[in-house]
Amino acid sequence: MSDVRSGRLKVYLGAAPGVGKTYRMLDEGRRRAARGSDVVVAFAECHGRPRTEAMLDGLETVPRARCAYRGGQFEEMDLAAVLARRPQVAIVDEFAHSNVPGEGRNAKRWQDIEALLAAGIDVVTALNIQHLESLNDVVEKITHVPQHETVPDEVVRRAQQVELVDMPPEGLRRRMAHGNIYAPEKVDAALANYFRPGNLTALRQLALLWVADRVDEALQIYRAEHSIGGVWETRERVVVALTGGPEGDTLVRRAARIAARSAGGDLLAVHVARSDGLAAGVSHASLARQRRLVEDLGGSYHSVVGDDVATALVEFARAENATQLVLGTSRRGRLERFLTGPGTGETVTEMSGDIDVHRVTHERAGRGTLLPSRRRTLSRARRIAGPVAGLVLPVLLTAALAQLRGPLNLTSEALLFLLTVVGVACIGGVVSALIASLTASLLLNYWFVPPIGSFTLEDPNALLAVSVFAVVAATVAAVVDRSLRLSRRSARATAEAETMSSLAGSIVRGGTTIPALLERTRETFGMDSAELVDEPPDAEEITAVPAGPGAYLVLRGRTPSSSERRVLAAFAAHVGSAVERARLAEAAAEVEPVKAADRMRTALLRAVGHDLRTPLAAGWAAVTSLRSRDVDFSPADQEELLATADESMAKLSRLVENLLDLSRLEAGALTLNLRATTLDEVLPMALADVPAAEARDMEEIPAVLADPPLLERVVANLVGNAARHTPPGQKVLVTASALAGRVELRVVDRGPGLPPTGRDRIFEPFQRLGDTDNTTGLGLGLALARGLTEAMNGTLTPEDTPGGGLTMVVSLPFAEQAGVAHGTPCPVEQAHPAGGA
């Protein structure tokens, strides 16, 4: 059997319903069919919009599969039929849709689409930005409407094409007002809630930014595949170089202003940690403060290792496709610049090419460096200049001393030659110093020790003086060179410690995930890739470092130096410890449900010891009294005792029912019969036992998708809880409103309320926070109410009551939005209750 080419996926992405995704999707299907492609409509949801339905004309439509579920009939895409038909292109709407469970179907439509792609069928689909998994919580914060159907971002990112269907908020609101999106009776509520201009603007920005990142990823892949090193100014990226000096804050703010001039500009701060000591002596406190400033300004902080600051900066900027590079002007004075040559700023400017370089002045410019000298290592220029100085300087000193032969004696002349040797040692190291020592000894002997003009030494004292001079010169040169080597070694250790400090700082700030550490390692050492494997591959171009038992950190790219390998081993240890922590966290997560169940059992035993015993004792006492033959009760007394027994048994029944329902919720075994339910069906029975409760504003509230008996239990529990906290003489108010495809039912009390910090605890079982009477109930009412609500795909949240008190808000979806007629059952995924319920 030959391999099947995977199909290509195209996604039409929209910021909100109604922007025209389905229309554009069907239009592309018509255009492809007109060009001769075999196109079928596997599933398209037109939502009753005539213009969209007209786009189906001329396109072959695969009949939908009818699915039976809990007594109802539903329509889904017939995946088997589409695979059997095997078209070239399939149009599949509603990428994030959840399929009806059963009969071997995939849980999600995006899984159906992956099956079509695996069969070699190209797919065109549509998706709203709120259904992306990574943005789900962000959209809920903006719109206050939870989304229960999501698609993993990785699935969408694998698409060959993602096309944004964009529309300004004003245009979308006009389309809504003209009735082109929702039915006329829903327009006002939609415009006042989900389709507010602020909401639409924020959703549009999210969609634009997500697509921009997707385009940027594709561009980076293209540049890497074609080995393009030049800067493409498709997006403003400003890199600011930080040394840990006091000018860093100024540079960061200036770079942030430059990045802010272009919409979507990126700010990247980079610090070069030198293994040869160039970055030694930096202020870690200043770097930490500057890092926080960068992150506060919306930028990212990076640390790289490089043997040359200028080269490392330019390579980092090119790797990030930076358009501008911000540096501070040199803190060295004029004399120091003259003696040590061009600095980092001049070198970066020469190497930058098409990257714009900004050299920003600051108050420390030209006032001397606050860091240790940058000339601690032997650069190529100093390796050449050292031997030359060892030959030339003694000759120049000889010429100068020849003119002063009278005033100076041999001792003074020898000391001056010794000073010259020390100077050469500082320039070129021990080899250059030895060359200078030999040259100075010969010149001293020839020109200044009698007989002058000859290398013959007649005087033993002169011979001793020259010999001692040579030994002292060589010794001093060796000591100076050793001191410089120790200084470089100390600086290298400081640089390594600085790199590890930066890594530790990122871990403290939360970058402890294994992918984050791998990316940090790759970035720090300038590698092409970094990954964690069980066995290192046998290849020459990789570097493998053990990262714990059975794990290796593998880097591809350049070969690290020996000093970098020491730091790399520490990074590998951190990665290994992160893997171990992840394993421990997974094990702890497996144990947590057991601990929670144990806490639940303990709380249950404590609660049952009192709360079940109280009504049982009252009922038992009433029945025992009625059966007693020692007392002759009047009819009124008998009626009262019977009422007490009946009330006690009813209370016991409710407590046991709550316990059973709670256990079913925890086990996921609660049977739901969701159908279109009006509030008029539920509220009368829910409020019957609470005379102080009053329902208002229930007119024209749409039916919700709920299980009527369970919704009645939810409302009854909430109303009963509110009645316990409402002062005598005041009503418990129950109101409802419809917005953005959901009905919000509010139960309002005028009690003392609860602080925000304690609100999550009220939904835990056996909690009775703020109860005025702790002798009533097991504390299950709110836990059960939230569990039942979430099982019906709803939410239960507490809010402050204006003027004092607490308001419980039950939010449930419209039945019409789910495509369910009144009284028709509908399947839904069961949700587990929050707070351990």
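About the thresholds
Position numbers for residues start from 1 in each chain and track the written sequence from start to end. Where local features are concerned, this predicted model is filtered to residues with pLDDT of at least 70; where side-chain atom pairs are given and counted, the filter is 80 or more; whole-chain, interface and lining totals use all residues. Each side-chain value is worked out from all heavy atoms of the structure, with water and hydrogens disregarded. In DSSP terms, a helix is any run of H or I states spanning at least four residues, a strand is any run of E spanning at least two, and both are numbered starting from the N terminus. The classification of residues rests on relative accessible area computed with a 1.4 Å probe and restricted to protein chains. Under 20% of the type maximum is buried, over 50% is exposed, and intermediate values are partly exposed. What makes two residues a contact is simply this: any of their non-hydrogen atoms within 4.5 Å. Only the protein chains shown count as cover for residues, with accessible areas throughout obtained via the Shrake-Rupley method and a probe of 1.4 Å. For this analysis, a salt bridge means a side-chain nitrogen from Lys or Arg found within 4 Å of a carboxyl oxygen belonging to Asp or Glu. At least two DSSP bridges between two strands are required for those strands to pair. Here the axes come from fitting lines to C-alpha atoms, over the contacting stretch only for helices, and the angles between their N-to-C directions go from 0 to 180 degrees. Within 6.5 Å between ring centres, the rings of Phe, Tyr and Trp (the latter by its six-membered ring) count as paired, and their orientation is classed by plane angle as stacked under 30 degrees, edge-to-face over 60, tilted in between. Charges are assigned to positions over rings by a cutoff of 6 Å between ring centre and Lys NZ or Arg CZ, combined with an angular limit of 35 degrees from the ring normal. Nine residue types can take part in a nonpolar core, namely buried Ala, Val, Leu, Ile, Met, Phe, Trp, Tyr and Cys, and a core is a set of them joined through side-chain atoms within 4.5 Å.

*Asks:* Tell me what's going on with the overall build of the chain, and back it up with residues and numbers.
*Replies:* Broken down by element type, the chain carries 23 helices and 24 strands. Relative to its full complement of 837 residues, the chain shows a buried share of 45%. Looking at the chain alone, contacts between residues at least 24 apart form 72% of all its contacts between residues at least 6 apart. As displayed, the chain offers around 41500 Å² of accessible surface, 55% of which is attributable to carbon and sulfur atoms.

*Asks:* Break down the pattern of salt bridges for me, with residues and values.
*Replies:* For the structure shown, the criterion picks out 24 salt bridges. Of the charged contacts in the structure, one is a salt bridge between Glu531 and Arg556, with a shortest N-O distance of 2.4 Å. On the criterion of sequence distance, the pair formed by Glu531 in strand β14 (residues 529-533) and Arg556 in strand β16 (residues 552-556) is long-range, its members being 25 residues apart. Take Arg556: its relative accessible area is 27%, and that puts it in the partly exposed class. Residue Arg746 is joined to Glu744 by a salt bridge in which the shortest nitrogen-to-oxygen separation is 2.9 Å. Taking the relative accessible area as the measure of exposure, Arg746 reaches 21% and is therefore partly exposed. The network of salt bridges with common partners includes Lys10, Arg24, Glu28, Arg32 and Glu163.

*Asks:* With reference to specific residues and values, describe the sheet that holds β16.
*Replies:* Ordered by their spatial adjacency, three strands build an open sheet running β14-β16-β15, and the pairing between neighbours is antiparallel. The two strands at the open ends of the sheet, each matched to only one other strand, are β14 and β15 (542-546). Neighbour to neighbour, the strand axes of the sheet diverge by 20° on average, direction disregarded. Two strands pair when backbone bridges link them, and β14 and β16 are joined in this way by five bridges, in the antiparallel orientation. Across the sheet, residue Val533 finds its bridge partner in β16, namely Tyr552.

*Asks:* I'd like to hear about the packing of aromatic side chains, residue by residue, with values.
*Replies:* Scanning all chains against the criterion turns up three aromatic pairs. Measuring from centroid to centroid gives 5.4 Å for Tyr446 and Trp447, while their planes differ by 75°, and the two rings are edge-to-face. Over the ring of Phe43 we find Arg64, and its NZ or CZ is 4.0 Å from the ring centre. Between the NZ or CZ atom of Arg109 and the centre of the ring of Phe43, over which it lies, the distance is 3.9 Å.

*Asks:* Just give me the short version of the sheet that holds strand β22 (residues 795-800), but keep the residues and values in it.
*Replies:* Ordered by their spatial adjacency, five strands build an open sheet running β18-β20-β21-β23-β22, and the pairing between neighbours is mixed. Only two strands of the sheet have a single neighbouring strand rather than two, namely β18 (693-695) and β22. For this sheet the average axis-to-axis angle between neighbouring strands, irrespective of direction, equals 25°. Two strands pair when backbone bridges link them, and β18 and strand β20 (residues 732-739) are joined in this way by three bridges, in the parallel orientation. The residue of β20 that forms the bridge with Ala695 is Val734.

*Asks:* I'd like a rundown of the nonpolar core, residues and numbers included.
*Replies:* In this structure, Phe95, Leu116, Leu127, Ile129 and Trp210 are the most contacted members of the largest nonpolar core, which totals 65 residues. A total of six residues in this core trace back to one element, the largest contributor, which is helix α9 (residues 197-225). Non-local contacts of Leu127, meaning those with residues more than four positions away in its chain, are made with Val11, Tyr12, Leu13, Gly14, Lys21, Phe95, Ala96, Leu132, Val151 and Val156. Grouped together as the second largest cluster of nonpolar side chains are 41 residues, Ala686, Leu710, Leu745 and Ala791 included.

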